Amino acid sequence: AMANGRRAIFYVRFTFRNRTLTNNIELRPATLIDVNELAEMSHRTILKKYPSVIGREKVEGYVASGLVPQYYQANFANCVIAQHQSQIVGVCATKNNCVDLMMVTLDHHRTGIGSLLLRDAEERLVKTYENLSLECFRDNIQAFNFYIKHGWSVKRHILDKENDIAMVELVK
């Protein structure tokens with residue numbers, strides 16, 4: 001969807017707050033300038049979504065650790081951002097043959113933005129790699145079902161021993 005770092009605009013029809021709208025979603029490469037906004041968007045999403053998945057204590061510790069802005073600082077060059085009306089509403093990061101991070105703001109879940117980001121990542125990765133991989137929290141049923149719906153399959157169940165969190169590795 002993006003060639004030579006150019007922006008791509010997609011027109012997505014989706015339901016937003018019980019209204020069906022046609023909105024343009026722009027996918028573009030992240031820049032260093034985006035790091036703070038990406039970290040803020042991620043913190044909001046993580047604090048709301050993940051206590052039920054990995055527990056409040058782990059979530060609060062992770063957010064307080066400073067690892068989120070550090071991740072974006074180190075990896076922004078591998079991130080593609082989804083924007084809606086100049087607001088960041090999603091991000092997808094890749095590393096080697098992996099979808100390393102995928103996040104869409106809760107207000108924009110089930111709008112097609114995640115599908116756009118994932119398809120874009122897959123299209124970029126298959127140019128270089130035959131086998132693609134990603135990991136997701138075992139107990140994040142919504143994310144797990146999203147990946148299965150998009151043709152990913154379970155390779156193995158793993159335990160993140162450092163954080164004591166059950167994960168699933170998926171492949172395509």
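Up top is the structure.
What to know about the pairing of strand β4 (residues 87-95)
Point 1. Of all the 9 residues making up β4, 7 are buried; the element is thus mostly covered by neighbouring parts of the structure.
Point 2. What sits between the antiparallel neighbours strand β3 (residues 79-84) and β4 is a turn of 2 residues, in which Q85 has the positive phi angle 50°.
Point 3. Pairing of β4 with strand β5 (residues 98-104) involves 6 bridges; the strand directions are antiparallel. Paired with V91 across the bridge in β5 is M103.
Point 4. Between β4 and β5, which pair antiparallel and follow one another directly, the connecting turn spans 2 residues, one of which, N96, has a positive phi of 50°.

Thoughts on the packing of helix α1 (residues 35-49) against helix α3 (residues 56-64)
Point 1. Where α1 meets α3, the axes come as close as 9 Å, and the angle between the chain directions of the two elements is 170°. Overall, the two elements α1 and α3 adopt an arrangement that is roughly antiparallel. For the crossing formed where α1 meets α3, the hand is left-handed. The residues of α3 that touch α1, namely those facing H43, I46 and L47, are R56, V59, Y62 and V63.
Point 2. Partitioned by chemical class, the residues of the contact of α1 with α3 number 5 nonpolar, 1 polar and 1 charged.

Some thoughts on unusual backbone geometry
Point 1. Its identity as a non-glycine residue notwithstanding, N96 has a phi of 50°, on the positive side.
Point 2. Relative to the helices and strands, N96 is located in the loop between β4 and β5.
Point 3. With relative accessibility at 59%, the residue N96 sits in the exposed group.
Point 4. Residue R110 is not a glycine yet carries a positive backbone phi of 60°.
Point 5. Examined against the element boundaries, R110 turns out to sit in the loop between β5 and α5 (113-125).
Point 6. Taking relative accessible area as the criterion, R110 reaches 73% and is therefore assigned exposed.

Calculation rules
- Residues numbered from 1 in each chain as written.
- Predicted model: local features only at pLDDT ≥ 70, side-chain atom pairs only at ≥ 80, totals over all residues.
- Heavy atoms only, no water.
- Buried < 20%, exposed > 50% of the residue type's maximum accessible area, 1.4 Å probe, protein only.
- Helix = DSSP H or I, 4+ residues; strand = E, 2+ residues; numbered from the N terminus.
- Pairing = 2+ DSSP bridges.
- Axes fitted to C-alpha atoms, helices over the stretch in contact; angles between N-to-C directions.
- Parallel < 35°, antiparallel > 145°, perpendicular 65-115°, else oblique.
- Left-handed = near helix turned anticlockwise from the far one by under 90°.
- Contact = heavy atoms within 4.5 Å.
- Nonpolar A, V, L, I, M, F, W, Y, C, P; charged D, E, K, R; others polar.

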